[in-house]
Amino acid sequence: MATDDLLIFHISDIHFGLEDTRALEWTKAEIARQKPAAVAITGDLTMRARHREFAAATRWINSLDVPVTVEVGNHDLPYFNPWERFTDPYKRFRGMQEKVERVIDLPGLAIVPLKTVRRWQPRWPWSYGWVTEPALHQCLAALDALPPGKQALVAVHHPLVEVNRMGKVLTHGGANALAELATRPVLGVLSGHVHDAFDLVEQTPNGPVRMIGAGTLSKRVRSTPPSFNELRWNGKRISVQVRNFDGVATPDMQIDDVPEDALPPRRPGEPVAPVGAVPRTDPPVH
Ligand SMILES: [Fe+2]
Ligand SMILES: [Fe+2]
């Protein structure tokens, strides 16, 4: 790596409660060894937003000795406590409050959050992504406030894909959000949620936007072993390496379309990474 390259780790979907301890310890050691300028965690810190899961997530995240920004995933809103879900949905993040949906300002590059989770939505399931007008407005305002010449990475939980190649309706408002981002100096959109990595370009009426998805560091694997993304910015372009414990090459770790969710592909036509590490039975959800 050239010494003036900026190194950013993009990690996602740790799902404490079903975390992969070995992958997580290795990731933490890599963060300590390489000291990235920032770590972007794109949501689903926990399995069911239980207090003990949040306690473990808070301990792990606060132990990282680098700047961290945290997106909220659909698994992180109170699941067993509807009252808290509606009245104080971020209460369980209090131990890492200053890191949640935080803008990280680096030399020449900023990481800007865009919220895609909702307490409720007029469709089922509520686990799907939804970009509300206020959330988009807040993200665009943060982008517009950047000094001239500053580039940005936008961090979300759900990929901003409104309809995937199989015709499945995914993130509501995703297409509009991407079209807006295409008019700003956005180098890419960092997402999680689907548990497989990707590096795709989505066309919008205002031009192309790069979408970079990270895999999971949990036992809920879809078609690839646990991984995180190592991003390098040389001032002109971002390169992505999908780091994994098994040493699988990056192109073999990436899917070529955005799936509906993190469940292993079972139907023909669903995107599968070339490494094809699809679990024989569906991973546990509890
Ligand atoms: Fe997830
Ligand atoms: Fe998710």
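Everything numeric here is computed off the predicted structure, so don't read it as measured data.

Turning next to the overall build of the chain. Along its length, the chain carries 6 helices and 11 strands. On the principal axes, the C-alpha backbone points of the chain span a range of 45 × 40 × 40 Å. A total of 286 residues make up the chain; the buried ones form 45% of that total. Sequence separation of at least 24 residues holds for 70% of the intrachain contacts in the chain that already meet a minimum separation of 6.

Let's shift gears to the environment of Val66. Structurally, the position occupied by Val66 is in the loop between α2 (51-62) and β3 (68-70). Residues Val66 and Pro36, 30 residues apart in the sequence, show an inter-C-alpha distance of 7.0 Å. Sequence-distant contacts of Val66, that is, excluding residues within four places in its chain, are made with Ile31, Lys35, Pro36, Ala38 and Val39.

A few words now on the pairing of strand β1 (residues 6-11). By the bridge criterion, 5 bridges tie β1 to strand β10 (residues 227-233) in an arrangement that is antiparallel. Within β10, the position partnered with Leu7 by the bridge is Arg232. Sheet topology places β1 next to strand β2 (residues 38-41); 4 bridges connect them, and they run parallel. Considered in β2, the bridge of Ile11 is made with Ile41. The β-α-β motif built from β1, the intervening helix α1 (residues 21-34) and the parallel element β2 has right-handed crossover chirality.

A few words on the sheet that holds β1. The mixed open sheet is built from 5 strands, whose spatial order is β3-β2-β1-β10-β11. Every other strand in the sheet has two partners, leaving β3 and β11 (238-244) as the edge strands with one partner each. Averaged over all pairs of adjacent strands, the angle between their axes in this sheet comes to 20 degrees, without regard to strand direction.

This brings us to the pairing of strand β7 (residues 186-191). Relative to β7, strand β6 (residues 151-155) is paired through 4 bridges, and the arrangement is parallel. Within β7, the residue paired with Ala152 across the bridge is Val186. On the question of chirality, the crossover connecting β6 to the parallel β7 by way of helix α5 (residues 174-181) is right-handed. When β7 meets strand β9 (residues 207-213), the two strands line up parallel, connected through 3 bridges. For Val189, the partnering residue across the bridge sits in β9 and is Met211.

The next point concerns α2. A rise of 1.5 Å per residue sets the reference length of α2, with its 12 residues, at 16 Å; its end C-alpha atoms lie 16 Å apart and thus fit the reference within 8%. Residues of α2 that are buried: Glu53, Phe54, Ala57 and Trp60. In a view along the axis of α2, the buried residues occupy a sector of 130 degrees, so they form one face of it. Set apart from the buried face of α2 by more than 90 degrees, the exposed residues are His51, Arg52 and Arg59.

Let us now look at unusual backbone geometry. Where the residue is not glycine, phi is negative for most of them; where a peptide bond is considered, it is trans in most cases. A cis amide bond links Trp124 to the next residue, Pro125, at an omega of 5 degrees. One can find Pro125 in the loop between β5 (109-113) and α4 (133-144). Its identity as a non-glycine residue notwithstanding, Asp44 has a phi of 55 degrees, on the positive side. Along the chain, Asp44 falls in the loop between β2 and α2. For Glu101, which is not a glycine, the phi torsion comes out positive at approximately 50 degrees. In this structure, Glu101 sits in the loop between α3 (82-87) and β4 (104-106).

What follows covers the sheet that holds strand β8 (residues 198-204). As summarised here, the arrangement of the 6 strands in space is β4-β5-β6-β7-β9-β8, forming an open sheet in which the pairing is mixed. Both outer strands of the open sheet, β4 and β8, are each paired with one neighbouring strand and no more. Averaged over neighbouring strand pairs, the angle between their axes works out to 25 degrees when direction is ignored.

On to α5, then. All buried positions along α5 are accounted for by Gly174, Ala177, Leu178, Glu180 and Leu181. Taken down its axis, α5 places every buried residue within 160 degrees of arc, on the same side. The inward-facing, buried residues of α5 contact α4, β6, β7, β8 and β9.

Counting through the fold element by element, Ala40 comes out in strand β2. Residue classification places Ala40 among the buried residues on the basis of 27 C-beta atoms within 10 Å. Taking C-alpha positions, Ala40 is 12 Å from Leu114, a pair spaced 74 residues apart along the chain. When sequence neighbours within four positions are dropped, the list of residues in contact with Ala40 reads Ile8, His10, Thr69, Ile111, Ala155 and Leu190.

Cut-off values and rules
Residues numbered from 1 in each chain as written. Chains lettered and ligands numbered in written order. Predicted model: local features only at pLDDT ≥ 70, side-chain atom pairs only at ≥ 80, totals over all residues. Helix = DSSP H or I, 4+ residues; strand = E, 2+ residues; numbered from the N terminus. Buried ≥ 20, exposed ≤ 12 C-beta atoms within 10 Å, placed from the backbone. Contact = placed C-beta atoms within 7 Å. Pairing = 2+ DSSP bridges. Right-handed = clockwise from strand over helix to strand, strands pointing away. Axes fitted to C-alpha atoms, helices over the stretch in contact; angles between N-to-C directions. Expected span 1.5 Å × (residues − 1). Arc of directions from axis to C-beta.

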